[in-house]
Amino acid sequence: MAGEKGQDPRRALPATGRVTEQLAAAHPELPAWARTAGARAALAAAREALARPKAAVPGEAELVADAALRAGRLAAGRPGRVINATGVVLHTNLGRAVLAPGAAAAVAEAASHASDLELDLGSGARGRRLDAVAEKLVLLSGAEAALAVNNNAAAVLLALDSLGRGREVVVSRGELVEIGGSFRVPEILERAGVRLVEVGTTNRTHARDYEAAIGPDTALLLKVHRSNFEQRGFVAEVELGELAAIAHAHELPLVEDLGSGTLVSLEAHGFPAEACAPARLRQGADLVCFSGDKLLGGPQAGIALGRRAIVDAMSRSPLARALRLDKLTLVALDWTLRALLEGRGEAEIPSLRQLLARAEALRPEAEELAKRLSDVAGGAAEVAVERDRSAVGGGSLPGLELATWVVVLRVAAGPDALAAALRRAPLPVVARIRDDAVVLDVRTLLEDDPAALCDAVVFALEALAI
Ligand SMILES: *Cc1c(COP(=O)(O)O)cnc(C)c1O
C-alpha cells in the first residue's frame, strides 16, 4: 500500500495518541481533556490543509506546538480578563460596560448563597423577581411602569410581539438599521410576526409619510435610534414629539428603540439630550427600550419604560418568560440603579466615570503611565504622551468624540507586531494602532490596569526581541 500512502499525504500524519503523548510531556500543566482535544483539533486542521494541492506535511514538533496552542486556549477560562487600552469605553468585543466593584460583589454574594429572588419575606408568600428593579426604574424615570429582560434586542422583540403581532408597524426607511451584525431592525420585525411598513426614503422622512402609511391594520409607530452611524447633508426626520402627536391622533402607541439610553441626563457633560430615556417619555414616546450595558453602565439587560398597559402586556406575553433576566443580572442591575438613585453613578459606575472623565484629568495619568513604561522599556521602545480622541463605542453616539491623552509606543518591529505581542501577554492588552504607533488610551484603564500594563509591555518587548 506504499503507493497509496504516497498519494495521500494525510496518511503521513502521526496518530492522535502520539501527538497527545508528546503534548503531555511538553505541557504537563495543561489538563488532560484539553490536551486530547487540542491534539485532535491540530490534526484535523492539518488534514484539512493537506487536502489542498501541494500542501507540505507538517513536522511532529510543529503539530505538537499547534496542539499546545489550541489546548491552552481551551483550558483558559473564557471570556478571560483583558486590559482595555483602546479608549473605546463600551467596546462591544471587550464586553461593553464594566460592572462597578459593588455590583460585582453583590453578584458574587447572590451567586453563592440562596436569595429572596421570588419570595416576599414579610408574608412568606411567593414574590415577583422583577418588582424591586421595576420599582427603582420607575423612581428614576418617572415612567408609569418598567420591565427588564435579557437584552435590548429582547425588549424590542417583546414590545413588537405584544403590541403588533399579525399587524403593521410603521418605520422610516432611514431607521432600518443593522447594529453589530446580529440585530437588524427588519429581521426583528419579521421574527416578531409584524408586517413592516416602510415610509420615507433613506435620507428623508416626513410627517406626511407616516400619515399616509397609517391604516386600519397599523399597530404602532416605531422609531429606531441609528446608534452606530450618522446622517448628514440633505436629510430630514420627524422629531419624536411630532411623531408622538401623529401616533396619538390615530390612537396608536409610539415605541422607541433608543439603543443606548441613560436614566439621568448627561447633557451638562456634552452628551446629546436624546440619550436620556425619561426625556423621551416626556416628549411623547409610549415605550422606550434601551440596553443595560451601554450608557447606563450596568449589566447586559434590556430595559423597557413606559405606559402601564404596554408594560403589562409585555409582562404577560409567553415570550417574557423565555427572555427573562437571570438572578445574577438582576442583582447587578439593582445595585446599579441604587447607585444612580443615590447620586453615586459617576463616582462608582466605571463606564460612566470613564465616559465623563475630562481630558485634563486624564493627562497626569497618561504622563505617569508613560514614565513607568519608559522605565520598564529601557531603550526598546520610544514612549510619548500625546493628545487623541476616545470613542463611546457600543454603537452609541458615533458623533461624540471625547478628547483624551494617550501613551504612544513605537518599536522597531512596527505597531502590528507590538499590538499582537501585547494581546498574547499573560494578562492581554488590547490597544489601538495609529500610523506607526501603538496607542494606549488611559481613559479606559481601571485601577489595577497600569501595573499590569507595564508587565504586559515587558512581556511583549521580550517576545519581540527573540
Ligand atoms: C445596541 C442596540 C440594540 C441591541 O441591544 P442589545 O442590548 O445588544 O440587545 C438594539 N437597538 C439599538 C438601536 C441599539 O443601539
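From a predicted model like this one, the values you see are computed outputs, not experimental measurements.

Some details on the nonpolar core
Here is a general trend for soluble globular proteins: nonpolar side chains tend to be buried in one another's company. Of all hydrophobic cores here, the largest spans 58 residues; its most connected members are Leu221, Leu263, Phe271, Phe290, Leu305, Leu333 and Val392. Sorting elements by how many residues they give to this core places helix H14 (residues 327–341) first, with 6 residues. Looking at which domains feed residues into this core, each of domain 2 (83–93 + 355–465) and domain 3 (99–348) gives three or more. Residue contacts for Leu333: discarding those within four places in its chain leaves Val133, Ala148, Leu296, Pro299, Ala301, Ile303 and Leu325. Leu157, Val169, Val255 and Leu323 belong to the second largest nonpolar core, which has 34 residues in total.

Description of the site of the ligand
Around the ligand sit Arg96, Asn151, Asn152, Ala153, Ile179, Phe183, His225, Ser227, Asp257, Gly259, Ser291 and Lys294, and that is every residue in its neighbourhood. At a separation of 2.8 Å, an oxygen atom of the ligand approaches a polar backbone atom of Ala153. With respect to the ligand, the side chain of Asp257 contributes an N or O atom lying 2.7 Å from a nitrogen atom. Burial of the ligand by the protein amounts to 93% of the accessible area it has alone, namely 390 Å². Taken together, the elements giving at least two residues each to the shell around the ligand come down to helix H7 (152–164) and strand E9 (254–259). Among the residues forming the shell around the ligand, the class breakdown is 3 nonpolar, 6 polar and 3 charged.

Brief notes about the side chain of Glu168
One can find Glu168 in strand E4 (residues 168–172). A residue is classified by how much of its surface remains accessible, and Glu168, at 19% relative accessible area, is buried.

Topic: helix H19 (residues 449–465)
In this model, H19 (17 residues) spans 24 Å end to end at C-alpha, consistent with the 24 Å of a helix rising 1.5 Å per residue. Within H19, the full set of buried residues consists of Asp449, Ala452, Leu453, Cys454, Ala456, Val457, Ala460 and Leu461. Of the surrounding secondary structure, the elements contacted by the buried residues of H19 are strand E1 (83–84), helix H17 (359–377), strand E13 (401–410), helix H18 (415–423), strand E14 (429–430) and strand E16 (437–441).

Let's talk about the packing of helix H6 (residues 131–141) against H14
One can describe the packing of H6 onto H14 by two numbers: an axis separation of 10 Å at closest approach and a directional angle of 30°. If you check the angle between H6 and H14, you find them roughly parallel. For the pair H6 and H14, the crossing hand works out as left-handed. For the pair formed by H6 and H14, the contact residues are Ala132, Val133, Lys136, Leu137, Leu139 and Leu140 on the first element and Leu330, Leu333, Asp334, Leu337, Arg338, Leu340 and Leu341 on the second. When the residues that make up the contact of H6 with H14 are grouped by side-chain class, the tally is 10 nonpolar, no polar and 3 charged.

A closer look at the environment of Asp257
As for its placement among the helices and strands, Asp257 is situated in strand E9. Along the chain, Asp257 and Ala159 lie 98 residues apart, while their C-alpha atoms are 9.9 Å from each other. Beyond its immediate stretch of four places on either side in the chain, Asp257 contacts Asn152, Val156, Phe183, Leu222, Lys223, Val224, His225 and Cys289. A polar contact of 3.1 Å, which involves the side chain of Asp257, links it to the backbone nitrogen of Gly259.

Considerations on the sheet that holds strand E15 (residues 432–434)
One open sheet holds the 5 strands; their spatial order is E2-E12-E13-E16-E15, and the pairing between them is mixed. Edge positions in the open sheet fall to strand E2 (88–90) and E15, since each of these has one partner strand only. Within this sheet the neighbouring strands show an average axis-to-axis angle of 40°, counted without direction. Against the sheet, H18 touches E13, E15 and E16, its axis set at about 45° to E16.

Points about the sheet that holds strand E10 (residues 287–291)
Sheet strands pair via backbone hydrogen bonds, and the direction of the pair is either parallel or antiparallel. In space, the 7 strands of this open sheet follow the order E3-E11-E10-E9-E8-E4-E7, with mixed pairing throughout. Every other strand in the sheet has two partners, leaving strand E3 (145–149) and strand E7 (195–199) as the edge strands with one partner each. Going across the sheet, the axis of each strand differs from the next one's by a mean of 20°, ignoring polarity. Against the sheet, helix H12 (residues 308–316) makes contact with E3, E10 and strand E11 (302–306), and its axis sits at roughly 30° relative to E3, the strand it touches most.

Considering the side chain of Asn152
Examined against the element boundaries, Asn152 turns out to sit in helix H7. The buried category is assigned to Asn152, whose relative accessible area is 6%. Separated by 3.2 Å, the side chain of Asn152 and the backbone nitrogen of Phe290 make a polar contact. Apart from residues no more than four positions distant in its own chain, Asn152 is found in contact with Asp257, Gly259, Cys289, Phe290, Ser291, Ala301 and Gly302.

Comments concerning the domain arrangement of the chain
As far as domains go, the chain holds domain 1 (9–75), domain 2 (83–93 + 355–465) and domain 3 (99–348). One C-alpha centre belongs to domain 2, the other to domain 3, and the line joining them spans 34 Å. Facing 12 residues of domain 2, the contacting portion of domain 3 comprises 14 residues. Buried surface at the junction of domain 2 and domain 3, both sides included, amounts to about 1100 Å², of which 75% is carbon and sulfur.

Structural notes on the environment of Ala212
Residue placement: Ala212 occurs in helix H9 (residues 207–213). Along the chain, Ala212 and Val199 lie 13 residues apart, while their C-alpha atoms are 8.7 Å from each other.

Calculation rules
- Residues numbered from 1 in each chain as written.
- Predicted model: local features only at pLDDT ≥ 70, side-chain atom pairs only at ≥ 80, totals over all residues.
- Heavy atoms only, no water.
- Core = buried A, V, L, I, M, F, W, Y, C linked by side-chain atoms within 4.5 Å.
- Buried < 20%, exposed > 50% of the residue type's maximum accessible area, 1.4 Å probe, protein only.
- Helix = DSSP H or I, 4+ residues; strand = E, 2+ residues; numbered from the N terminus.
- Domains from an automatic or database assignment.
- Contact = heavy atoms within 4.5 Å.
- Near = heavy atom within 4 Å.
- Polar contact = N/O pair within 3.5 Å; in protein donor to acceptor, adjacent residues only side chain to side chain.
- Areas by Shrake-Rupley, 256 points an atom, 1.4 Å probe, with all protein chains shown as cover.
- Nonpolar A, V, L, I, M, F, W, Y, C, P; charged D, E, K, R; others polar.
- Expected span 1.5 Å × (residues − 1).
- Axes fitted to C-alpha atoms, helices over the stretch in contact; angles between N-to-C directions.
- Parallel < 35°, antiparallel > 145°, perpendicular 65-115°, else oblique.
- Left-handed = near helix turned anticlockwise from the far one by under 90°.
- Pairing = 2+ DSSP bridges.
- Buried area = accessible area lost by both parts, 1.4 Å probe.

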